[in-house]
Amino acid sequence: MFAAARSLENWAASWARRRQGADSHSVVLKRRRIYILPTRFGSIFALMVFVMLLGSLNYGASLGFMLTFLLTGLGLVLMHHCHGNLLGCEIKMLGAHPVFAGERAEFRVALRNDTGQPRHEIELAHQGHATNPVDVAPGTQETLRIAVPTERRGWVALGRFAVVTRHPGGLFRAWTWVHMDARCLVYPRPAPPGRPLPESAGHGLGGKPDLGDADFAGLRPAAPGDPPQRIAWKAFARSDVLLLKQFAGGDREPCELDWDALPYLAPEARLSQLARWCLDAAADARTFGLKIPGARLPLGAGPQHLGACLEALALCETGER
Amino acid sequence: MKLATPASSTPAAELARLHWTIAIVAGATLPHWPLLPFWVPLLLGVAIAWRLAIAALEWPVPIRTLRLLLALAAFCIVLFSYRTINGVEAGSALLVVMIALKVLESKGRRDQLVLIMLSYFLLFASLLTARGPFTALYLLLLVWLTTVGLVQLSRRGPLLRLRSTGALAGRLLLQSLPLMLALFVLFPRLPGPLWAVQGTSTSATSGLGDTVNPGDITSLALSDEIAFRVEFSSPPPPARDLYWRGPSMTNFDGRTWSMAIDYRRKAAASIEYLGAPIEYRVMLETTGRNWAFALEMPKLPPDERAPLRMGGDYQLRTFPGISRGTRLDYRLTSYTRFRALDPLDDADRELFRRLPPESSPRTRALVQSWLADNPTPEQVIERGMDYLRSQPFFYTLTPPRLGDQPVDEFLFDTREGFCEHYASAFTLMMRAAGLPARIVTGYQGGELNGVGGYYIIRQSDAHAWTEVWLEGRGWVRVDPVSAVAPERVALGSWHNALAGDRVPGTALGRLEWVRRALLVWDAAATTWNEWVIGYGPQLQRGLLDALGFGGVTGSERWSKLMLLCVGAMLAGSLLLTLQLAWRRRRRTPPDDAARELAAFTRRLARLDVAPRAPTEGPVAYGERAENRLPHAAQEIRAIIAAYLRARYESDADMSALAELRTRVAAFR
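Since this is a predicted model, take the numbers as computed values, not measurements.

Chemist: What is the right way to look at the overall build of chain B in this model?
Modeler: The helix and strand tally for chain B stands at 22 helices and 21 strands. A separation threshold of at least 6 residues defines the contact pool for chain B, and within that pool the share at least 24 residues apart is 71%.

Chemist: Before we go on, may I ask you to explain the overall build of chain A in this structure?
Modeler: A tally of helices and strands in chain A yields six helices and 18 strands. The buried share among the 321 residues of chain A stands at 36%.

Chemist: Is there a simple way to think about the nonpolar core in this case?
Modeler: The tendency in soluble globular proteins is for nonpolar side chains to be buried side by side. Of all hydrophobic cores here, the largest spans 123 residues; its most connected members are A:Leu67, A:Leu274, A:Cys278, A:Leu313 and B:Leu123. Counting residues per element, this core draws most heavily on helix H3 (residues 62-86) of chain A, which supplies 13 residues. Excluding residues that lie within four positions of it along the chain, B:Leu123 makes contacts with A:Leu67, B:Ala28, B:Leu139, B:Leu142, B:Val143 and B:Thr146. Listed in part, the 38 residues of the second largest apolar core include B:Leu397, B:Leu428, B:Ala437 and B:Val440.

Chemist: Sorry, what's going on with the confidence of the model for chain B here?
Modeler: Fine structural detail should not be taken from predicted coordinates in areas where pLDDT scores are low. Residue and element names in this part refer to chain B. For chain B, mean pLDDT is 80; residues scoring 70 or higher make up 84% of the total. Throughout residues 1-8 the model reports pLDDT below 50, and contacts reaching past four residues in sequence, or to other chains, amount to 13 contacts. Counting interchain partners and residues more than four positions distant, the pLDDT-below-50 stretch residues 196-206 has 22 contacts. Prediction confidence for the complex, expressed as pTM and ipTM, is 0.65 and 0.78 respectively.

Chemist: Would you mind showing me how to read the sheet that holds strand S1 (residues 26-28) of chain A here?
Modeler: Two pairing modes exist for strands in a sheet, parallel and antiparallel, and in both the strands are linked by backbone hydrogen bonds. Residues and elements named next belong to chain A. Spatially, S1-S3-S5-S9 is the arrangement adopted by the four strands of the open sheet, whose pairing is antiparallel. Of all the strands in the sheet, the pair left with one neighbour each is S1 and strand S9 (141-149). Pairs of neighbouring strands in the sheet enclose a mean axial angle of 20 degrees, with direction left out of account. Inspection of the sheet shows strand S5 (residues 104-112) paired to S9 by nine bridges, in the antiparallel sense. What sits directly across from Ala105, in S9, is Val148.

Chemist: Quick question: what am I supposed to make of the sheet that holds strand S5 (residues 257-258) of chain B here?
Modeler: Residues and elements named next belong to chain B. Read across the sheet, three strands follow the order S1-S5-S4 without closing on themselves; strand pairing throughout is antiparallel. Two strands lie at the open edges of the sheet, namely strand S1 (211-212) and strand S4 (251-252), each paired on one side alone. Across two bridges, the pairing between S4 and S5 is antiparallel. Across the sheet, residue Asn251 finds its bridge partner in S5, namely Ser258.

Chemist: What is the right way to read the packing of helix H1 (residues 11-29) of chain B against helix H6 (residues 133-153) of chain B from this model?
Modeler: Two quantities define a packed helix pair, namely the angle between the axes and the distance from one axis to the other. Residue and element names in this part refer to chain B. One can describe the packing of H1 onto H6 by two numbers: an axis separation of 9 Å at closest approach and a directional angle of 155 degrees. The orientation of H1 relative to H6 falls into the category roughly antiparallel. With respect to the hand of their crossing, H1 and H6 are arranged in left-handed fashion. Contacts from Arg17, Trp20, Thr21, Ile24, Gly27 and Ala28 of H1 reach H6 at Leu142, Leu145, Thr146, Gly149, Gln152 and Leu153. Its residues assigned to classes, the contact of H1 with H6 comprises six nonpolar, five polar and one charged.

Chemist: What is the right way to read the packing of H1(B) against helix H5 (residues 109-129) of chain B from this model?
Modeler: All names here are of chain B. Running from amino to carboxyl end, H1 crosses H5 at an angle of 15 degrees, the nearest separation of the two axes being 9 Å. With respect to their mutual orientation, H1 and H5 come out roughly parallel. Regarding H1 and H5, the two cross each other, and that crossing is left-handed. Contact with H1, carried on its side by Arg17, Thr21, Ile24, Val25, Ala28 and Thr29, involves Gln112, Leu115, Ile116, Ser119, Leu122 and Leu123 of H5 and no other residues of that element.

Chemist: Explain the environment of B:Ala130 here, please?
Modeler: Looking at the secondary structure, you find B:Ala130 in the loop between H5 and H6. A residue is classified by how many C-beta atoms lie within 10 Å of it, and B:Ala130, with 20 of them, is buried. Apart from the residues lying within four places of it in its own chain, the contact partners of B:Ala130 are A:Leu63, B:Thr135, B:Ala136 and B:Leu139.

Chemist: I'm lost on the interface of chain B and chain A in this one. Help?
Modeler: Many authors give the size of an interface as the accessible area that is lost as the parts come together. Contacts between the two partners involve 57 residues from chain B, matched on the other side by 55 residues from chain A. Put simply, the parts of the chain that give the side of chain B that touches chain A at least two residues each are H5, H6, helix H7 (162-186), helix H16 (512-533) and helix H18 (554-583) of chain B. At ten residues, the largest contribution of residues to the side of chain B that touches chain A is made by H7(B). Residues of the side of chain B that touches chain A, tallied by class, amount to 40 nonpolar, nine polar and eight charged.

Chemist: Could you clarify how one ought to interpret H1(B) in this entry?
Modeler: One full turn of an α-helix is made of 3.6 residues, so residues set three or four places apart face in the same direction. Residues and elements named next belong to chain B. The end-to-end C-alpha distance of H1, which contains 19 residues, comes to 27 Å, matching closely the 27 Å that a straight helix rising 1.5 Å per residue would cover. Taken residue by residue, H1 has Arg17, Leu18, Trp20, Thr21, Ile24, Val25, Gly27, Ala28 and Thr29 as its buried positions. Contact partners of the buried residues in H1: helix H2 (39-56), helix H4 (88-105), H5 and H6.

Reading the values: rules and limits
- Residues numbered from 1 in each chain as written.
- Chains lettered and ligands numbered in written order.
- Predicted model: local features only at pLDDT ≥ 70, side-chain atom pairs only at ≥ 80, totals over all residues.
- Helix = DSSP H or I, 4+ residues; strand = E, 2+ residues; numbered from the N terminus.
- Contact = placed C-beta atoms within 7 Å.
- Buried ≥ 20, exposed ≤ 12 C-beta atoms within 10 Å, placed from the backbone.
- Core = buried A, V, L, I, M, F, W, Y, C linked by C-beta atoms within 7 Å.
- pLDDT = per-residue confidence, 0-100.
- Pairing = 2+ DSSP bridges.
- Axes fitted to C-alpha atoms, helices over the stretch in contact; angles between N-to-C directions.
- Parallel < 35°, antiparallel > 145°, perpendicular 65-115°, else oblique.
- Left-handed = near helix turned anticlockwise from the far one by under 90°.
- Nonpolar A, V, L, I, M, F, W, Y, C, P; charged D, E, K, R; others polar.
- Expected span 1.5 Å × (residues − 1).

Shown next as C-alpha cells:
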C-alpha cells in the first residue's frame, strides 16, 4: 500500500519532470506547476459536510443547509488559499558546503516572498522526509535546509524535492516538484587519527627536531611511530595517557603527502589516510603538498589549500570505481 | 534516516494548542448546555479540568480501559434517558459526551483536528432546531471561532497571533459566503424527509388548550408570543369580525369543558357562504398540534390534496403525515357572513344540550324564569346578554378562584372573569334553556403591522365565545364578552382596549417608540422566516420559474438546479482565483538596499551633508560625505561598499543587505 503510493508519486513526479523540464537555481512558482489534492483530513471534512447535507435534507432545516453550504464554500476557499500560498513564491538554491563522507550534506534553499501577503507553513519534502515548516513574511526570505546523508566521497546530487504547504486549514496539500541541478562535494571519510605525518624525504627520523623556537600549540593523543622526543612525559606521569606535544610555527619542515607512501592500504583507505594527514598537517599549520593519481598539488598552506587538496582527494580516480 | 529535526514542540506551544482546543470545544457545546441533562456539561467540565491538570500538574492520563468504560457508561446513560440515539437531542448529548472523552485523551494535532470536526458537527446539530436570526448570528460567531481553531490547530509550526488568525478566518468565511448563498438558493430541495425522525419535543406554546376550565385559573398572563401572522390579499374585514376559529368544547362535567370526540359528519358541506370572499394567507408558528386557524368561516377548495381538512366542528386540522414541528403557511378563502346550517339529528341536539344533573342550580333557576313566557330562541339569547349587561360584571385577567359550582359562583357572587368565564357561563345558560350550544376557542382581533402590511395574532389575543344552534339558521356566534367589555371585541386587541394596571406585563409595550421598533423588528423577522427558514421546494420552484429556469418535470428541474449549482461553484472559483491572484501579485522586489541608502542619506543630511542629487552616483556621494565628515570616513566607505554589493552583486544569502542594515542602523 505504502510502496504503491510511493511508486505512484515517483511516476507522477517523473511525468512532472518531463513536463516542466529541469529548473535553474532560482524558480518562481507558476500556476502550471503547482499541484493540489485533498489530504486525508480534507476527505473526512468532505464526508462530514455530506452527512450535514443529508441531515439538512431530512430535517428540511434551512439553517442546517446554511452551515452545510458555508462549509462547502469554506472548503473551496481553503483550496484556493492553499494553492495561492505557493503561487509566485520564489525558490532559490543556495548550495551546500562540502562535507566528509558519513556526514550529512546540508542543501540550503531560500524561499523568497515578494508579494504583499505573508506565506505560511511552507516546507520542503525530500525522499519522504519533510523539513520544519516556515512562515515567510512579505518582502523577506527564509532559508530551509535539506539534509542528505552521504556514504561515499565524490559528488552527491540533491535530486528532486518538493515544496509543500497545507496552510490554511490542512484540508489540502499543494506542492510543486523542483528539479535543481544542485550537488554537494563529499570529501573522503578521514582515517582515525594516529598515523604520524610522514617526514620529508632526506631529513628522516634522525633529524633533530628543533623545539626551541616553536610555539607550543597543544597536545594530541600519541600514536605508534610518533617521535619519542615529543611525547609529553610530564603529562603521562600525571594521567597515564601518552600525549604528543604539538607546535605551531612556520619553521616546520614541509611534508609531502604521497599516494605511493601507503602501498599496503587499499585505494579508498589510502585516500582516507591522506585526508587525515591533510587535516593533521593543516592543524599543525604545516605546509604540505599532495600527490595522488591524476593530480599533484604543490606545497602550500591555509584553508584554501586544504580545500583544494580535499577536493582532489574527493574526486580522485583510483581506477577502481 | 532522519533528515530534519522533528517539529519543535515546546511544552508552552503544546499548552497553547490545548487552550485553543478547549476554547473551541467550550464554544461549540455552549448552545447545547441549557438543553442537555445536567450531568453532560458536568462531565465535559470535569474532562476539561482533568485535561488541564494533566498538562499543568502532570496528572496521569486515565488508562485506556477506564476511558472505554466511561464511554460505554455514558452511551448507556444517554440511551436510557432518551430511549433512543436517533434524533437531534439524544444525538447532541452523545456528541458532547464523545467530545468530553476525546478532550480527556487528546494529545496531538490529529486529536485536536478531530475535536474541531466534532465541534462543527455540534454547531450543525444546534442549527437543525434553531430558527431566529439572532440565534443564527450567535451560531455563526461560533462557526467563526471554530474556523479560527481550524486554521490554528492545523498548523505544524508555532501558532499564529490571535489577531491575524481571527482576521484570516473571518476573510475565509466572508469569501465562502457568496457560494453559500448561491447553493442555498439553488441546491434542489426535497419536499419530505429522507427518513423518519424521532419527534422533537417542541413544546406547545399555544394559548389555547384541550380544555376550558375557567374556575381554576386565577391569573392569566398575557403572552406576547406570536400565534400566527395573516396577510390579506383582499381588503381586511373590520376588527370586530376578526374571529380566528380554533377547537370547540362540547363536553361539560360541571367544572371543565372539553372537546367532543369528532363525530365525523360532513358539516362543512352544509355551510352557506354569503357576501364577498376574503382571501388571505396564514403563517402559523409551530403549535406542536395539528390545529390550523382560519378566519370564520373558511371555505376549503374541493381539492383533496389540500394540506388542511375541516372537521365536523368546523375546525381546520392538518392532515396526518405533516410533521407537527414544521411551520405551516397556507392560503385560505373565508366569508365573514355565512350560515352554518349543520343538520343536527336528535342525538346531536342531545349532545349539545347535555348538562350534569346536579350542576349550577341557581343558574338553571334563573334561566327557567326567562322561559315563563315561551320566548323564541333569539329572545333567550337576548335575555342572557341583557343579564350580563345589566348586572355589574367585570372583565379581569385576575379573577378569584371559584368553588364547586363555578358557573353559579361566577354569575351570582364574584362576577369577575375573562372570556372563558363568560363563554362557559353563557353556554351553560343556553343549554339550561334547552338550546344546543358549545364553546368555541380561538383568537380574536390582531395587530396590524404597518411596516410589513400584515396582522400579528399573539397568544394574548386568545379568546373563547359561544355558539348556539338555531333551527333554520344553524350555528350562530354569540360573544358574551361583547356585552361586558365591548371595546375588547371592537378594537380587536388587548393592547388597545385595556389600559391601566389590569393588564400586567405590557408596561414597556405602551411606549409608542418601543411598539414601533417592535413592529419593524417583527417585519424583519417575518421576512427572515419567510425567505430563510421557510425556503423550501415551493419557494425555490417559484423563484426558478421567475428566473426562467423552470422545468416541466421534477427531474428536469432537478438536473437544471444541479447544473446551476456546479456553475455557481465554477464561477465562485474563478472569482476567487482572480481575487487571490490580485492580492498575491508580485511586486517588483522592494529595493531594500535603496531604501537603506535613503535612510542613510537622511541621517547624513542631519549632519549637514547635502542630500544626494539625482545625477550623483553613490560613490561620488560617499566621497563628498567623507570629505565633509572625515572622522566617520571609514564607516561611510563601508556602508557605500555594502550598498554596492547588496544592490549590484549577486547577494543570494542577503548577507550584504544585512550588513548594510546593521551598519546604517548603527551609524551616528
